[in-house]
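# Inside the fold
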Amino acid sequence: MTASLRSSDQQLAVDLAADAGRLLVELRSSGPTKRALGDLGDRRANSLLLERLAAERPGDSVLSEESSDDLARVDADRVWIIDPVDGTREYGLGDRPDWAVHVALWERSGDPARSRLTAAAVSLPALGVVLGTDDDEVYAAPVGNGSVDGGGLLEPRSGSRPRIVLSASRPPAFAEAVAEAVGGDLVPLGSAGAKVAAVVRGEADAYIHAGGQYQWDSAAPAGVALARGFVAVRVDGSPLEYNVAETYLPDLVVCRADLAGAILEAIASTW
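Definitions and limits used
Residue numbers run consecutively from 1 along every chain, following the written order of its sequence. With the structure being a predicted model, the display of local features is reserved for residues of pLDDT at least 70 and the display and counting of side-chain atom pairs for 80 or more, all residues being used for whole-chain, interface and lining totals. To get the side-chain values, all heavy atoms of the structure are used, and hydrogens and water are removed first. Put simply, DSSP H or I for four residues or longer makes a helix, DSSP E for two residues or longer makes a strand, and each gets a number counted from the N terminus. Radius of gyration: over C-alpha atoms. The globule rule applied is 2.2 Å multiplied by the number of residues raised to the 0.38 power. Burial here depends on accessible area, computed with a 1.4 Å probe over protein chains only, as a share of the maximum for the residue type. Under 20% is buried, over 50% is exposed, and the range in between is partly exposed. By definition in these notes, contact holds between two residues if any of their heavy atoms fall within 4.5 Å. The accessible surface values rely on the Shrake-Rupley method and a 1.4 Å probe; as for residues, cover is taken only from the protein chains in view. Only four residue types enter the charge count, namely Lys and Arg as positive and Asp and Glu as negative; His and the chain termini do not. Lysine's charge is taken at NZ, arginine's at CZ, aspartate's at CG and glutamate's at CD. Helix span, as expected, comes to 1.5 Å for every residue beyond the first. For this analysis, a polar contact is any N or O atom pair within 3.5 Å, provided that within protein one partner can donate a hydrogen and the other can accept it, and provided that sequence-adjacent residues contribute only side-chain to side-chain pairs. We define a nonpolar core as any set of buried Ala, Val, Leu, Ile, Met, Phe, Trp, Tyr and Cys residues linked to one another through side-chain atoms lying within 4.5 Å. Two rings belonging to Phe, Tyr or Trp (six-membered ring only in the last case) form a pair when the distance between their centres is within 6.5 Å. Interplanar angles under 30 degrees mark stacking, angles over 60 mark edge-to-face geometry, and anything in between is tilted. For two strands to be treated as a pair, DSSP must find at least two bridges joining them. A fitted line through C-alpha atoms represents every axis, and for helices the fit uses only the stretch in contact; the resulting angles, taken between N-to-C directions, go from 0 to 180 degrees.

Turning our eyes to something else, we now look at the overall build of the protein chain. Along the protein chain, the regular secondary structure elements total 7 helices and 11 strands. In summary, the protein chain has a C-alpha radius of gyration of 18 Å against a globular reference of 18 Å for 271 residues, a match within 12%. Expressed along its principal axes, the backbone C-alpha trace of the protein chain runs to roughly 50 × 50 × 30 Å. Relative to its full complement of 271 residues, the protein chain shows a buried share of 53%. Of the contacts formed within the protein chain by residues at least 6 apart in sequence, a portion of 64% connects residues at least 24 apart. When the accessible surface of the protein chain is summed, it comes to about 11,700 Å², and 49% of that surface belongs to carbon and sulfur atoms. Taken together, the 25 basic and 40 acidic charged side chains of the protein chain have centroids lying 3 Å from each other.

Okay, here's the thing in structure tokens:
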């Protein structure tokens, strides 16, 4: 794989996440009921991503939350792993920023241990931000009346204690132990993409999860985090594996490298 194609794949990931985000913000401002908005957003964003990938990378496979899983992907060399709306509930509420669009590319290597995510982008459409694998944020404001504020996912810090983001509805059993181990505070937040983005953007210091996820929930966020020097692993410290037949990938830790040891030890002591 040439460096130019890798760069092109990364740019495509950013462009797709941005374009799907624009569509979703415009759709949200066009007036569907909250009940209809989530389903409609899932369908429309999925169609956009699939059509663009079919046109621009016709030989690649795709694993999407919103499409039937073709297990032929397991033998493919290049697989795009996408979540058209990560945090459909938060998106459907109409006034929350903690939802995302995920686009990632997994590539096979001659050494199976080196098969990995090679491109990734997480769009935060309500903020007008796309995070890629470098240190920049791409501003991706929508055309039209999208309510994009360019702000943050969390309120500014009031102290120096580490922030640990987690699910409000499914906090892991080890959450309190982790908070105690690092002297931190637990902060609920919406989608997986938004939680990892909060860590990458410096608004939080760690994200812990054990309530059930799938490959599309973590592939793009993990790809972005790993490329930027953060730790992204299973709760037992083992690597995250993608493009395997089982799409269920239930747990995740993303954190600053200096916190990883204490967090994983705290989880091991209670898990």
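So that's the structure; there's more coming.
What follows deals with helix 2 (residues 34-56). The end-to-end C-alpha distance of helix 2 is 33 Å, a good match for the 33 Å that 23 residues give at a rise of 1.5 Å each. Within helix 2, the full set of buried residues consists of Leu-37, Gly-38, Gly-41, Asp-42, Ala-45, Asn-46, Leu-48, Leu-49 and Leu-53.

Once that is clear, we can look at the environment of Trp-106. Tracing the backbone through its elements, the reader meets Trp-106 in strand 3 (residues 100-107). Here Trp-106 falls in the buried class, since its relative accessible area comes to 5%. Residues Trp-106 and Asp-185, 79 residues apart in the sequence, show an inter-C-alpha distance of 34 Å. Leaving out residues up to four positions away in the same chain, Trp-106 has contacts with Ala-76, Asp-77, Arg-78, Val-79, Ile-81, Ser-115, Arg-116, Leu-117, Tyr-242 and Asn-243. From its side chain, Trp-106 meets the backbone oxygen of Tyr-242 in a polar contact 3.5 Å long.

As a further point, take the nonpolar core. Grouped together as the largest cluster of nonpolar side chains are 41 residues, with contacts concentrated most on Ile-81, Leu-153, Val-165, Tyr-207, Tyr-242 and Val-254. Of all the secondary structure elements, the ones that give two or more residues to this core are strand 2 (78-86), strand 3, strand 4 (116-124), strand 5 (129-131), helix 5 (192-200), helix 6 (215-227) and strand 11 (252-255). In terms of residues, this core owes the most to one element, helix 5, which gives 7 residues. The contacts of Tyr-242, once residues within four sequence positions are left out, are Ile-81, Trp-106, Leu-117, Gln-215, Ser-218, Ala-219, Ala-222 and Leu-249. Ranked by size, the runner-up nonpolar core spans 28 residues in total, among them Leu-24, Ala-45, Tyr-91 and Val-101.

Going through the model one piece at a time under the given rule, you end up with 3 aromatic pairs. Geometrically, the ring pair formed by Tyr-214 and Tyr-248 is edge-to-face, given 5.3 Å between the ring centres and 65 degrees between the ring planes. Taken as a pair, Tyr-214 in the loop between strand 9 (206-209) and helix 6 and Tyr-248 in the loop between strand 10 (231-233) and strand 11 lie far apart in primary sequence, 34 residues in all. Taking relative accessible area as the criterion, Tyr-214 reaches 35% and is therefore assigned partly exposed. On the basis of relative accessible area, Tyr-248 is assigned to the partly exposed category, the value being 40%.

Taken together, the 5 strands give an open sheet; going across it, the order is 8-7-9-11-10, and neighbouring strands pair in mixed fashion. One side of each edge strand has no neighbouring strand; the edge strands of this open sheet are strand 8 (185-188) and strand 10. Ignoring strand direction, the axes of neighbouring strands in this sheet form an average angle of 20 degrees. The pairing of strand 7 (residues 163-166) with strand 9 spans 2 bridges and is parallel. Each bridged residue has a counterpart across the sheet, and for Ile-164 the counterpart in strand 9 is Ala-206. Contacts between helix 4 (residues 175-182) and the sheet are confined to strand 7, strand 8 and strand 9, with strand 7 contributing the most and set at about 165 degrees to the helix.

Looking now at helix 6. Over its 13 residues, helix 6 extends 18 Å from the first C-alpha to the last, a length consistent with the 18 Å expected when each residue adds 1.5 Å. Across the 13 residues of helix 6, 11 count as buried, placing the element largely inside the fold. Within the sequence span of helix 6, burial applies to Gln-215, Trp-216, Asp-217, Ser-218, Ala-219, Ala-220, Pro-221, Ala-222, Gly-223, Val-224 and Ala-225. Positioned one or two residues after helix 6, Gly-229 has a phi angle of 90 degrees, which is positive.

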